[in-house]
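Results of the structural survey
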Amino acid sequence: MNITLRNIDNTNREAVLSLSVREDQPFVAKNEVSLRQAAEADEEKTGVARPFAIYADDKLVGFCMFAFDPEERDAEDRYWLWRFMIDKNEQGKGYGQAALQKIIKYFRDNGADRLYLSTEPENERGLHIYHKAGFRETGMISEDEAVLMRMLKGPNKTIKEFYGVNVNERMRIKGKKGYGISIAVFDGEDLDTYCSGSGRFGQDFPVNPDMLFQAGSVSKPMFALTLLRYVDKGIIDLDADISGVVPEYVKKGPMTFAALLSHTAGFNLHGFPGYRADHELLSLEDVLNGKGITPKLRRIRPYGKQYMYSGGGITLAELAFTRITGMTLRDAFQKEVAEPLGLKRTGYFQPLDDELIANAAFGGRLAEKEDAEHGYHYYPEHAAAGLWSTPTELVKIGLAISKSYREGGLLKKETARRMLTPVMDNCGLCIVNLRGDIAEHDGWNEGFVTEWLFSLREDLCVASMFNRSTDELDWTQSRTAIELFQTIEEDFAGEPDKRSWKAWCGKYEHPENADFCIDEVFMQDGKLFGKFIDMEDGDVFTSQLYPIGKKTFGRKGGFTKLVFGKDCLTINGITCKKIN
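Read on for a plain summary of the structure.

What counts, and where the lines are drawn
- Residues numbered from 1 in each chain as written.
- Predicted model: local features only at pLDDT ≥ 70, side-chain atom pairs only at ≥ 80, totals over all residues.
- Heavy atoms only, no water.
- Helix = DSSP H or I, 4+ residues; strand = E, 2+ residues; numbered from the N terminus.
- Buried < 20%, exposed > 50% of the residue type's maximum accessible area, 1.4 Å probe, protein only.
- Contact = heavy atoms within 4.5 Å.
- Salt bridge = Lys/Arg side-chain N within 4 Å of Asp/Glu carboxyl O.
- Pairing = 2+ DSSP bridges.
- Core = buried A, V, L, I, M, F, W, Y, C linked by side-chain atoms within 4.5 Å.
- Phe/Tyr/Trp six-rings, centres within 6.5 Å; stacked < 30°, edge-to-face > 60°.
- Patch = residues over 30% accessible without salt bridge, like charges linked within 9 Å, V, L, I, M, F, W, Y side chains within 5 Å.
- Areas by Shrake-Rupley, 256 points an atom, 1.4 Å probe, with all protein chains shown as cover.
- Lys, Arg positive; Asp, Glu negative; His and termini not counted.
- Charge placed at Lys NZ, Arg CZ, Asp CG, Glu CD.
- Polar contact = N/O pair within 3.5 Å; in protein donor to acceptor, adjacent residues only side chain to side chain.
- Disulfide = S-S within 2.5 Å.
- Axes fitted to C-alpha atoms, helices over the stretch in contact; angles between N-to-C directions.
- Parallel < 35°, antiparallel > 145°, perpendicular 65-115°, else oblique.
- Left-handed = near helix turned anticlockwise from the far one by under 90°.

1. Focus: the overall build of the chain
Helices and strands together make up the secondary structure of the chain, namely 17 helices and 25 strands. Seen through its C-alpha atoms, the chain measures out along the principal axes to roughly 90 × 65 × 45 Å. With 580 residues in all, the chain has 55% of them scored as buried. Considering only intrachain contacts with a sequence separation of at least 6, the fraction spanning at least 24 residues in the chain is 63%.

Written as structure tokens, this is what we have:
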């Protein structure tokens with residue numbers, strides 16, 4: 001059997017179009033669609049889409065199409081087996097494996113070091129063929145398809161990188177029975193997910209994109225979003241005195257939702273540890289009265305004078321919310337957020353519904369230590385810590401808030417702007433505003449950590465959920481999510497024009513009113529860097545700058561915005577003149 005890949009022209013086009021797969025193989029697009037997509041891609045960039053007819057000797061048996069772009073900046077976007085099919089009448093004759101080997105040789109001979117493809121996870125027959133040819137899952141799900149990879153040079157070791165980040169190495173994910181992570185990224189065009197490890201420590205329980213994780217304190221902005229829907233309806237006034245709604249906890253007003261949601265009301269109870277899953281149910285009043293394992297709610301700082309993060313204050317706000325609306329937070333969130341956004345896997349499920357347990361992650365080693373069937377804690381403080389969700393649905397919510405901020409949508413524009421406007425210490429209403437154009441919140445429940453951030457300028461969002469909670473890994477997950485976000489932000493900005501970069505290099509003055517300034521800008525290996533000085537403690541460090549606009553840059557690993565002008569730059573709103 002001699003397998004060849006031949007160009008498609010007028011002599012064989014109709015024959016290629018007549019090829020088809022079996023009715024029980026709905027995973028492959030029709031060849032007519034593929035050829036049309038190839039023509040569209042060719043108009044955008046010639047030679048990237050490469051369709052071929054597959055012949056066994058002189059008999060047409062199948063069709064394939066490649067995406068071949070060695071100039072692509074990201075290695076995982078350069079070489080793809082875009083389409084592959086063997087005609088239904090020619091299957092079972094060995095043509096599939098033989099054709100895959102020919103395809104692999106084509107890429108290898110043309111300089112490719114690796115080859116990617118994607119298919120639906122349900123395509124068991126296709127996965128069997130790909131596995132046999134040496135392709136392995138990367139852990140990434142792109143547009144609901146599992147991404148597989150085969151190395152073409154050196155050992156065929158799968159590189160599990162997600163947007164250039166080795167997540168498994170960062171998060172110490174090893175084997176099938178350790179801890180697991182789930183990540184979702186929307187990069188302005190596509191929703192991609194990455195899943196690896198086990199959702200339940202000690203079990204072979206692979207993480208999947210629909211697996212539920214506890215969101216920890218990311219529950220708080222979801223509560224604020226729900227409450228703000230009632231602000232838009234005119235039912236709730238953020239600035240009205242609500243001390244009369246919760247008089248047993250506020251002896252002297254004023255007390256407003258705005259103060260509670262911005263953590264400026266002065267209450268104690270930073271966070272909550274949760275209870276065994278089989279613990280008796282507690283009311284919000286039980287929590288606030290100290291009848292659980294946390295102290296009684298008390299005001300320990302002056303009202304409105306300083307920022308002090310308080311899960312207790314959020315729980316008080318939840319109680320006031322339920323008394324005003326007559327609804328539980330679970331029902332209100334379902335009606336005002338989940339249903340409008342089409343969310344199926346997000347809610348204040350406390351306790352977790354029986355039918356949801358089957359695809360829910362367990363936190364840390366709680367199943368070993370407390371309850372083998374329910375390896376997670378129960379949180380009666382719903383608004384502060386009670387949300388279950390998936391990274392994919394957190395991304396949907398982030399994009400909805402971003403759209404509301406820019407033009408209105410789920411929230412009125414002015415309401416979303418109020419939510420994202422810092423009150424103190426960069427904190428708006430249950431959400432942090434970083435750099436003026438990035439929203440962020442993280443979360444920590446016993447055995448779970450979450451990181452969630454999205455752009456206020458474009459449709460960019462990252463959400464990461466992990467079923468292990470340690471200080472070190474919490475910080476590592478946050479840094480990983482930030483790196484992913486900055487990667488997609490830089491990619492979204494497009495290829496920069498570096499001709500002006502050299503003119504920006506040099507020393508800059510240190511304004512007296514600046515807490516943080518840049519001392520010098522320089523280029524190294526074609527990249528732009530800044531030498532920064534923390535004026536308060538004198539720390540000096542260097543960071544790479546990455547473009548997010550024509551003259552606007554972010555700082556890798558941090559949230560600093562720089563805008564270059566003529567003989568000056570503005571950093572976090574403060575202008576520094578160029579010295580030389």
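2. Quick word on the pattern of salt bridges
What the rule picks out here adds up to 30 salt bridges. With its nearest N and O atoms 2.6 Å apart, the salt bridge here joins Asp353 to Arg330. With Asp353 in the loop between α10 (329–341) and α11 (354–357) and Arg330 in helix α10, this residue pair connects regions lying 23 residues apart in the sequence. Take Asp353: its relative accessible area is 18%, and that puts it in the buried class. A relative accessible area of 32% places Arg330 in the partly exposed class. A salt bridge links Glu490 to Lys556; the shortest N-O distance between them is 3.5 Å.

3. Section: the pairing of strand β19 (residues 516–524)
The pairing of strand β18 (residues 506–507) with β19 spans two bridges and is classified as antiparallel. Bridged to Gly506 within β19 is Val521. Where β19 meets strand β20 (residues 527–534), eight bridges bridge the pair, whose relative direction is antiparallel. Paired with Gln524 across the two strands is Lys527, which belongs to β20. Where β19 hands over to β20, the hairpin turn is made up of two residues, of which Asp525 adopts a positive phi near 55 degrees.

4. Some details on the environment of Phe516
Position of Phe516 relative to the elements: it lies in strand β19. For the pair formed by Phe516 and Lys577, sequence separation is 61 residues and the distance between their alpha carbons is 14 Å. The residues contacting Phe516, other than those within four sequence positions of it, are Phe532, Ile533, Asp534, Met535, Phe541, Arg555, Thr560, Ile571 and Asn572.

5. Some remarks on the pairing of β20
Bridging between β20 and strand β21 (residues 540–547) involves six bridges; their strand directions are antiparallel. Bridged to Phe529 within β21 is Gln544. Linking β20 to β21, which pair antiparallel, is a turn of five residues; within it Gly538 sits at a positive phi near 80 degrees.

6. With respect to the nonpolar core
Within the largest apolar cluster, 87 residues are counted, with the highest numbers of intra-cluster contacts made by Phe223, Leu261 and Trp452. Counting residues in hydrophobic clusters, the runner-up holds 32 residues, among them Tyr116, Tyr179, Tyr194 and Leu434.

7. Re the packing of aromatic side chains
All told, the structure shown has 32 aromatic pairs when counted by the stated rule. Judged by centre distance (5.8 Å) and plane angle (90 degrees), the rings of Phe223 and Phe321 are edge-to-face. On the criterion of sequence distance, the pair formed by Phe223 in helix α6 (residues 219–232) and Phe321 in helix α9 (residues 311–325) is long-range, its members being 98 residues apart. Relative accessible area serves as the criterion here: at 0%, Phe223 is assigned to the buried category. Its relative accessible area of 0% is what places Phe321 among the buried residues. Summarising the aromatic geometry, the rings of Phe553 and Phe564 are spaced 5.5 Å apart at their centres and angled 90 degrees between planes, so their arrangement reads as edge-to-face. Here the residue Phe553 occupies a position in strand β22 (residues 552–555), and Phe564 occupies one in strand β23 (residues 561–565), the gap between them amounting to eleven residues. A relative accessible area of 0% places Phe553 in the buried class.

8. Some points on a negative patch on the surface
A cluster of acidic residues, Glu44, Glu122, Glu124, Glu143, Asp144, Glu189, Asp190 and Asp210, forms a negative patch on the protein surface. Secondary-structure assignment places Glu44 in helix α2 (residues 31–44). A relative accessible area of 73% places Glu44 in the exposed class.

9. Some remarks on unusual backbone geometry
Backbone phi values are negative for most residues with the exception of glycine, while trans is the configuration of most peptide bonds. The omega angle of the peptide bond from Gly253 to Pro254 is 5 degrees, so this bond is cis rather than trans. As for its position among the elements, Pro254 is in the loop between α6 and α7 (257–261). Cis geometry is adopted by the peptide bond preceding Pro351, which originates at Gln350 and carries an omega value of 0 degrees. Its location among the elements puts Pro351 in the loop between α10 and α11. At Leu269, a position not held by glycine, the phi torsion is positive, near 65 degrees. Counting through the fold element by element, Leu269 comes out in the loop between α7 and β11 (275–276).

10. Section: the side chain of Arg345
Note that Arg345 resides in the loop between α10 and α11. For the buried Arg345, no salt bridge exists, and the shortest N-O distance to an oppositely charged side chain is 5.3 Å, to Asp210. Within the local environment of Arg345, its side chain forms a polar contact with the backbone oxygen of Asn359, the two atoms lying 3.3 Å apart. If we ignore the near neighbours within four places in the chain, the residues touching Arg345 are Asp210, Met211, Leu212, Leu356, Asn359, Trp388, Ser389, Thr390 and Glu393.

11. Observations regarding the state of the cysteines
Across all of its chains, the model carries zero disulfides by this definition. Of the cysteine sulfurs around Cys427, a residue in no disulfide, the closest is that of Cys430, at 6.9 Å. Its relative accessible area of 3% is what places Cys427 among the buried residues. Its sulfur unpaired, Cys461 is 16 Å from the next cysteine sulfur, which belongs to Cys195.

12. Some remarks on the packing of α6 against α9
The description of two packed helices rests on the angle between their axes and on the distance between the axes. Running from amino to carboxyl end, α6 crosses α9 at an angle of 30 degrees, the nearest separation of the two axes being 11 Å. Between α6 and α9, the crossing angle belongs to the class labelled roughly parallel. Here α6 and α9 pass one another in a crossing that is left-handed. Where α6 abuts α9, its residues Lys220, Phe223, Thr226, Leu227 and Tyr230 lie against Gly311, Ile314, Ala317, Glu318, Phe321 and Thr325.

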